[in-house]
Every structure is written in structure tokens, then in C-alpha cells.
Amino acid sequence: MDNDRYSFRICLMYHDIYQRTPYESGFQDKKAFPYKIQADIFEDHVKAVVRYCHEHPEVEVEFTFDDGGISFLTLAAPILEKYELRGTFFISTAYLNTPQFLTTEQLAELAQRGHRIGSHSHTHPMLTELTEEEIAKEWTDSVNILHPFVTEEMTASIPNGDGSVVVMQKATEAGIQRLYTSIPTTEVTRFMSIQVLGRYVVLQGMSAEDVMKIVCNNSFRQRLYIRWQVLRCVKDCLGSQYERIKRLYFRIKRESK
Ligand SMILES: [Zn+2]
């Protein structure tokens with residue numbers, strides 16, 4: 001992709017898309033559900049983004065998807081293709097050929113239809129909790145499996161949120177040239193030979209208007225970045241309690257709807 005063509009690029013981070021139930025694709029753990037988006041709503045997002053980018057050719061919006069659920073091929077790709085777009089699909093390779101995830105043949109089809117394929121580690125662990133050797137293995141195992149499906153540079157996204165210097169270093173050593181994080185920023189930075197990009201997470205319940213606030217509104221994006229920094233501080237202070245509190249928050253939010 002040509003980085004100089006655009007004033008800036010906004011990367012959106014999706015996970016699974018579903019038709020009727022979040023169980024259709026990807027991880028079956030309920031904590032994955034807030035990240036799954038219903039197909040019609042996803043199409044509304046795409047339509048709104050396409051309309052905006054048509055009027056603002058200086059802006060590029062990249063649709064990225066994490067994990068490797070079967071909906072990458074059955075729902076996400078067809079909706080993007082309907083609007084002449086291609087997505088960036090990050091695969092946790094240990095889940096290939098398991099229920100609700102892509103098969104190797106489906107991954108090949110996704111690549112053949114012009115979508116970009118990248119790594120999302122091999123087993124989707126919390127990379128920062130692994131030893132250096134284990135981190136290296138996560139990236140190399142995944143990259144080795146994905147090589148036949150990657151025609152351009154090797155890209156990757158970090159599973160379960162944040163990375164670390166070691167995570168980035170091992171990614172570089174595994175041949176990854178571009179790494180996507182979940183830090184809500186449009187700033188592109190460099191670490192050794194790797195290009196590091198931020199992404200804006202899209203959650204269940206977000207309307208096309210919510211997504212367009214990310215795309216169009218610089219001060220909204222800045223607020224998201226500040227909120228992310230605050231959350232990171234809270235996360236550092238709470239340690240292992242953080243995930244439990246986050247799940248509780250999503251449950252209260254769901255039940256209050
Ligand atoms: Zn993931």
C-alpha cells in the first residue's frame with residue numbers, strides 16, 4: 001500500500017461479523033461477544049465510510065479484522081467487495097481448520113479475492129505474559145503458515161491489546177514489516193525495521209454515526225486517545241483484576257439496554 005498517497009489513514013479494528021448470533025463465527029467465549037458486529041450494521045458502517053471517502057479522497061480508511069473467524073469469508077469479504085473494497089484479515093493460525101474458524105482453503109480464497117492476510121500470532125495468547133522464546137515462536141509459527149497467502153509485505157496485529165518492546169522485536173525478527181496495535185491513533189511510528197500503526201476498535205452496538213465520528217472528527221479521536229491512556233494506567237494499577245472489571249462493565253451495559 002502506498003503510504004504517501006493519503007494525508008492520513010484511519011484503521012478500524014473489527015473482529016467477527018454475524019448474521020443472527022455471535023456464536024456463528026470465531027471465539028465462542030462470551031468475552032469475545034462485545035467485539036462481534038451484526039452484518040447489516042457492518043454494511044451500514046461500510047456504506048457511510050465509502051460515502052465519506054468518496055468526498056474526501058485524502059482520507060483512507062482501512063478495514064482490519066482480527067482472529068480468523070469463518071465470517072471473514074462468508075460475511076465481511078462479500079460486504080467489502082460489494083463496495084469495491086478489500087480488507088486486512090489477521091489470522092491466529094492455530095485456529096485454522098477448527099469449528100467456526102476459516103479452513104486453509106477458505107484462507108486461500110480470501111487471499112485470491114484480493115484481501116490482505118496477516119498474522120494475529122499462532123495461539124492468540126497474551127504475548128506480554130510469555131517468555132521471549134515463546135513470543136518468537138508465536139510469530140514465526142504463524143508467519144510460516146501464512147507465507148503462501150501473503151504476496152506483499154508481512155503484516156501482523158497484536159492479540160489481546162498491547163504489545164511491548166520484546167513483542168515488537170520478535171515480530172521484526174520473524175520478518176513482520178508492519179504491525180497493527182489497538183492504540184487509537186493515526187500516527188505511524190517505527191520500531192527497528194517495523195512500521196507500527198494504531199487502530200480504532202469497533203464494538204457491538206456502534207452505529208454508522210459512531211464509526212463516522214472516528215473517521216471525521218479529529219477532536220473525538222483525540223478524546224479516544226486520552227481515554228485509552230487513562231485506561232492503560234488503570235490497567236497497569238489493577239493488573240489481573242482489570243479483565244474481570246471490564247467483563248462486569250460490559251454485562252452491566254448489556255443489561256441496562
Ligand atoms: Zn484477537
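Summary of the structure given here. (Residues numbered from 1 in each chain as written. Predicted model: local features only at pLDDT ≥ 70, side-chain atom pairs only at ≥ 80, totals over all residues. Heavy atoms only, no water.)

1. Some details on a nonpolar patch on the surface
Reasoning step 1: Side chains of I226, V230, V234, L238 and I245 sit close together on the surface and give an oily, nonpolar patch of about 380 Å² of accessible area.
Reasoning step 2: If one sorts the elements of the nonpolar patch by residue count, helix α7 (residues 218-238) sits on top with four residues.
Reasoning step 3: Relative to the helices and strands, L238 resides in helix α7. (Patch = residues over 30% accessible without salt bridge, like charges linked within 9 Å, V, L, I, M, F, W, Y side chains within 5 Å. Areas by Shrake-Rupley, 256 points an atom, 1.4 Å probe, with all protein chains shown as cover. Salt bridge = Lys/Arg side-chain N within 4 Å of Asp/Glu carboxyl O. Helix = DSSP H or I, 4+ residues; strand = E, 2+ residues; numbered from the N terminus.)

2. What to know about the state of the cysteines
Reasoning step 1: Counted according to the given criterion, the structure contains zero disulfides.
Reasoning step 2: Residue C53 stays outside any disulfide, its sulfur separated by 8.8 Å from that of C216, the closest cysteine.
Reasoning step 3: Judged by its relative accessible area of 18%, C53 falls in the buried class. (Disulfide = S-S within 2.5 Å. Buried < 20%, exposed > 50% of the residue type's maximum accessible area, 1.4 Å probe, protein only.)

3. A closer look at the packing of helix α4 (residues 132-146) against helix α5 (residues 165-173)
Reasoning step 1: For the pair α4 and α5, the least separation of the axes is 9 Å and the interaxial angle reads 45°. Between α4 and α5, the crossing angle belongs to the class labelled oblique. Seen along the crossing, α4 lies across α5 with a hand that is right-handed. Taken together, the residues of α5 that come into contact with α4 (itself represented by E132, I135, A136 and W139) are V166, V167, K170 and A171.
Reasoning step 2: Residue classes in the contact of α4 with α5 are distributed as six nonpolar, no polar and two charged. (Axes fitted to C-alpha atoms, helices over the stretch in contact; angles between N-to-C directions. Parallel < 35°, antiparallel > 145°, perpendicular 65-115°, else oblique. Left-handed = near helix turned anticlockwise from the far one by under 90°. Contact = heavy atoms within 4.5 Å. Nonpolar A, V, L, I, M, F, W, Y, C, P; charged D, E, K, R; others polar.)

4. Overview of the coordination of the zinc ion
Reasoning step 1: At 2.0 to 2.2 Å from the zinc ion lie its protein donor atoms, namely D67 (OD), H120 (NE2) and H124 (NE2).
Reasoning step 2: Donor residues binding the zinc ion come from one chain and are separated in sequence as D-x52-H-x3-H. Of this pair, D67 sits in the loop between β4 (59-65) and α2 (71-82) while H120 sits in the loop between β6 (116-119) and α4, and the two are 53 residues apart along the sequence. Considered together, D67 and H120 belong to a single accessibility category, that of buried residues. (Donors = N, O, S within 2.8 Å, 3.2 Å for Na, K, Ca; no water.)

5. A short note on the nonpolar core
Reasoning step 1: In this structure, L12, Y14, F42, F63, F65 and W139 are the most contacted members of the largest nonpolar core, which totals 61 residues.
Reasoning step 2: Beyond its immediate stretch of four places on either side in the chain, L12 contacts V49, V61, E62, F63, T64, Y200, V202, V211 and I214. (Core = buried A, V, L, I, M, F, W, Y, C linked by side-chain atoms within 4.5 Å.)

6. Brief notes about unusual backbone geometry
Reasoning step 1: Phi is positive for E84, which is not a glycine, with a value near 60°.
Reasoning step 2: Mapping E84 onto the fold places it in the loop between α2 and β5 (88-91).
Reasoning step 3: E84 gets classed as exposed once you look at its relative accessible area, which sits at 72%.
Reasoning step 4: One non-glycine residue with positive phi stands out, namely M192, at about 50°.
Reasoning step 5: By the secondary structure assignment, M192 is in the loop between β9 (188-191) and β10 (194-197).

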